[in-house]
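# Survey of secondary and tertiary structure
Each chain is listed here by its residues.
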Amino acid sequence: MLGHTVMAPSTLGTFLRGHTFGNVRQFDSVNTEALRRAWAAGGGPDITKALVIDIDSTICQVYGHQKQGAAFGYTKVRGYHPLLALRADTGEVLAARMRKGSANTARGMKRFLQELRGHLTHAGWTGSVVLRCDSGFWSKTVIEFCDKNRWEYSITVRQIPTIRRLIDDIAPNGDSCRWHPLADYPDSGYCEIAETDYDNNPTRRLIVRRVHLLDANQQALFANWDHHAFVTNRTGPTGIEDLHHRAHAVVELAIRDLKDNGLAHCPSGRFNANGAWLALAVLAHNLIRWTLSIGTAKHCLITGATTRRTLIATPGRMAHSARRYTLHLPTRWPWANTFTTILNNLRTINITT
């Protein structure tokens, strides 16, 4: 049907080893152009709402001692440490960069943000952007980049002495009038929230959430609070901003899906070959996401494994009769209507190149 056969592993290895760093950058350009076409076809975000981008890194574990760039990082696992930017509502990858295993979490972040901005511009996005990160990406460079480009941000901060002093100053001498209960927190603990200025800048808010976990067997005599703080330039209510920041956890689901789609391991011993493998895995991951978002005319976070099992890895038989080919699919197939609906919607796409 597609005009080619599946390549053998050895052939695929030869194909990957032939790529240089320049070829990897060309793959990135292909992904950017695919992003533009997919958004133009109806898979783009709502222009009336902010585009929420989650940035995170992950560890791709590898084995063997002849993997270029593979090293032990903070997780004590040998592998690579790619950097990823993902769209929060659909899980599609907007930018990716392969890094060696010992790379610091925020290494190359400034250049990565510049490339991410270029990808969004090429895709035609002109709306507002919200950047969410964990404490590994908390730096002056990231905050200044967001301020310069008028991006909103929500970044977890580390509990360094300066931040601890700011937290302690919120309620001096045990006065808790500035702490307010958080109603929508799970029943496993008692939570309060407060905020203060960050870096003596009223446009930068340091929102702090403190939690006292409840022991079902025996209550503690003294309340030991666990604090979690993040800095943001958003202007919404404190509780709403905290709920929005906690939603950053969805990035782990998208990364899990990306690994399941092909990034479970890096097959080559050459670094640039694995960089090309990452770009191809991103393209395959995004194609599945766009198939669902464009084909069903709605954004849904169905995993790639479910999509492959129900819509792609489908048994069928190709018949040839009267100079025509007919594809016979299973009878009483429960996803037949979904398959035909997506297929008909995709066939109506007309993208101007």
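Look up: the structure comes first, before these words.
Residues numbered from 1 in each chain as written. Predicted model: local features only at pLDDT ≥ 70, side-chain atom pairs only at ≥ 80, totals over all residues. Heavy atoms only, no water.

### Quick look at a nonpolar patch on the surface
- A grouping of M318, Y325, L327 and L329 is seen on the molecular surface, where their side chains present a nonpolar patch of about 390 Å² in accessible area.
- Locating Y325 in the fold gives a position in strand 14 (residues 324–328). (Patch = residues over 30% accessible without salt bridge, like charges linked within 9 Å, V, L, I, M, F, W, Y side chains within 5 Å. Areas by Shrake-Rupley, 256 points an atom, 1.4 Å probe, with all protein chains shown as cover. Salt bridge = Lys/Arg side-chain N within 4 Å of Asp/Glu carboxyl O. Helix = DSSP H or I, 4+ residues; strand = E, 2+ residues; numbered from the N terminus.)

### Here we look at the nonpolar core
- Counting 44 residues, the largest nonpolar core has W39, I53, I55, L116, L120 and L131 as the members making the most contacts within it.
- Top contributing element to this core by residue count: helix 3 (residues 109–122), with five residues.
- Residues in contact with W39, not counting those within four places in the same chain, are G44, P45, L51, R87, E92, L94, L120, A123, W125 and W290.
- One finds V24, F27, A281 and V282 within the second-largest nonpolar core, a separate group that totals 25 residues. (Core = buried A, V, L, I, M, F, W, Y, C linked by side-chain atoms within 4.5 Å. Buried < 20%, exposed > 50% of the residue type's maximum accessible area, 1.4 Å probe, protein only. Contact = heavy atoms within 4.5 Å.)

### Some words on the environment of T32
- Mapped onto the fold, T32 is located in helix 2 (residues 21–43).
- By relative accessible area, which is 10% here, T32 ends up buried.
- Expressed as a C-alpha distance, the spacing of T32 and A106, which sit 74 residues apart in the sequence, is 22 Å.
- If near-sequence neighbours (up to four positions away) are discounted, T32 is found in contact with H119 and H122.
- In this structure the side chain of T32 is engaged in a polar contact, spanning 3.0 Å, whose partner is the side chain of H119. (Polar contact = N/O pair within 3.5 Å; in protein donor to acceptor, adjacent residues only side chain to side chain.)

### Some remarks on the packing of aromatic side chains
- All chains considered together, the criterion is met by three aromatic pairs.
- Seen from their ring centres, Y80 and F271 are 5.9 Å apart, and the 55 degrees between their planes marks the pair as tilted. Placement of Y80 in strand 4 (residues 78–80) and of F271 in helix 8 (residues 271–295) is noted, with a sequence separation of 191 residues between them.
- Between W333 and F339, the ring centres sit 5.3 Å apart and the planes meet at 50 degrees, which makes this aromatic pair tilted.
- Using a relative accessible area of 13% as the deciding quantity, one classes W333 as buried.
- Given a relative accessible area of 24%, F339 falls into the partly exposed group.
- Of note, R210 hangs over the ring of W179, and the distance from its end group to the ring centre comes to 4.1 Å. (Phe/Tyr/Trp six-rings, centres within 6.5 Å; stacked < 30°, edge-to-face > 60°. Lys NZ or Arg CZ within 6 Å of the ring centre and 35° of its normal.)

### Focus: the side chain of R36
- Considering the arrangement of structural elements, one finds R36 in helix 2.
- On the basis of relative accessibility, which here comes to 18%, the residue R36 falls in the buried class.
- Side-chain polar atoms of R36 contact the side chain of E33, separated by 2.6 Å.

### Some details on the pairing of strand 7 (residues 129–133)
- Where burial is concerned, most of strand 7 is hidden: five out of the five residues are buried.
- Where strand 1 (residues 51–57) meets strand 7, four bridges bridge the pair, whose relative direction is parallel. Across the sheet, D54 pairs through a bridge with R132, a residue of strand 7.
- Across four bridges, the pairing between strand 7 and strand 8 (residues 152–156) is parallel. Paired with V130 across the two strands is E152, which belongs to strand 8.
- A crossover connection joins strand 7 to the parallel strand 8 through helix 4 (residues 140–148); in handedness this β-α-β unit is right-handed. (Pairing = 2+ DSSP bridges. Right-handed = clockwise from strand over helix to strand, strands pointing away.)

### Here's the deal with the pattern of salt bridges
- Tallied over the full model, the rule gives 20 salt bridges.
- Residue D28 is joined to R97 by a salt bridge in which the shortest nitrogen-to-oxygen separation is 3.1 Å. With a gap of 69 residues between them, D28 in helix 2 and R97 in strand 6 (residues 93–97) connect regions that are remote in the sequence.
- Owing to a relative accessible area of 12%, D28 belongs among the buried residues under this scheme.
- Overall, the relative accessible area of 17% leaves R97 in the buried class.
- R132 is the partner of D54 in a salt bridge, and the nearest nitrogen-oxygen pair spans 2.7 Å. Residue D54 is located in strand 1, and its partner R132 is located in strand 7; the two are separated by 78 residues in the primary sequence.
- In this structure D54 comes out as buried when scored by relative accessible area, which is 1%.
- Judged by relative accessible area, which is 3%, R132 ranks as buried.

Any link to function would need more than the numbers given here.
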